[in-house]
Structure formats: C-alpha cells, structure tokens
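# Residue-level structural notes
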Amino acid sequence: MRCEGCPLQDETLSLLLRLLPVALKRRVVFHRPGVSETTFDEDWLLQLIETIRRGDEDSVIFALASRVDPKMRSTIRSLAEQCVARFDSTDLELF
C-alpha cells in the first residue's frame, strides 16, 4: 500500500494497519511501495476506503461483514473513517 508523501508516523493509519491481522484473523499481505500490482488485502482496504468516501453505507457494511471479525468491525470502521477524514482534509494522497 502506498502513502504518497504522507507521514508514516500517522497514528490512526498505523493502528489500522496493525489491527488488520487481528480483525481478519490472519496475516495481511501488502506489497512494498513501487510494486505495480496489488494484493487482495490491498484491494479490499482500498475498496473499503472508497466506499466510505462515497458514503455508500451498504457497501461499507458488506466489506466489513465479508472479512472482519464481528467484534472488530466497529473499530476497523472507525479507524478507516478517521483515515479518510484525515487524508481528505489535507493535500496528502493515501494511495
């Protein structure tokens, strides 16, 4: 996953990425920056973020329900929403 020009120390983004393996109950696979192809995990997270940006509630619920442990859904959603708000309020690009 690429974070063009963003501060990698962003706490919300870091927490989201650290909690994903717990929420998905498996190892998460991300390619290094500069790799042209994306993994299933990267595609899923990008889709979640885009549905949040569009305000597509049904798709957000579906994306979370399809992969995230029920106990972690609200946490992952909240962190993803905070990341979207943070990066949309700056000139930084998350992807």
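The structure contained in this document is the topic of the report that follows. (Residues numbered from 1 in each chain as written. Predicted model: local features only at pLDDT ≥ 70, side-chain atom pairs only at ≥ 80, totals over all residues. Heavy atoms only, no water.)

## What to know about the packing of helix H1 (residues 11-24) against helix H2 (residues 40-54)
- Interhelical geometry of H1 versus H2 gives an angle of 110° and a closest axis separation of 13 Å. For the element pair H1 / H2, the angle class is roughly perpendicular. Taking contact as the criterion, the partners of Leu16, Leu17, Leu20 and Leu24 in H1 are, on H2, Asp41, Trp44 and Leu45.
- Residues that form the contact of H1 with H2 fall into these classes: 6 nonpolar, no polar and 1 charged. (Axes fitted to C-alpha atoms, helices over the stretch in contact; angles between N-to-C directions. Helix = DSSP H or I, 4+ residues; strand = E, 2+ residues; numbered from the N terminus. Parallel < 35°, antiparallel > 145°, perpendicular 65-115°, else oblique. Contact = heavy atoms within 4.5 Å. Nonpolar A, V, L, I, M, F, W, Y, C, P; charged D, E, K, R; others polar.)

## Here we look at the packing of helix H3 (residues 57-67) against helix H4 (residues 73-88)
- Packing of H3 against H4 leaves a shortest axis separation of 10 Å and a crossing angle of 125°. As summarised for this structure, H3 and H4 are arranged oblique, according to the angle between their axes. Considering the relative orientation of H3 and H4, their crossing is right-handed. Only Arg73, Ile76 and Arg77 of H4 make contact with H3, whose side of the interface consists of Glu57, Val60, Ile61, Leu64 and Ala65.
- Grouping the amino acids of the contact of H3 with H4 by side-chain chemistry returns 5 nonpolar, no polar and 3 charged. (Left-handed = near helix turned anticlockwise from the far one by under 90°.)

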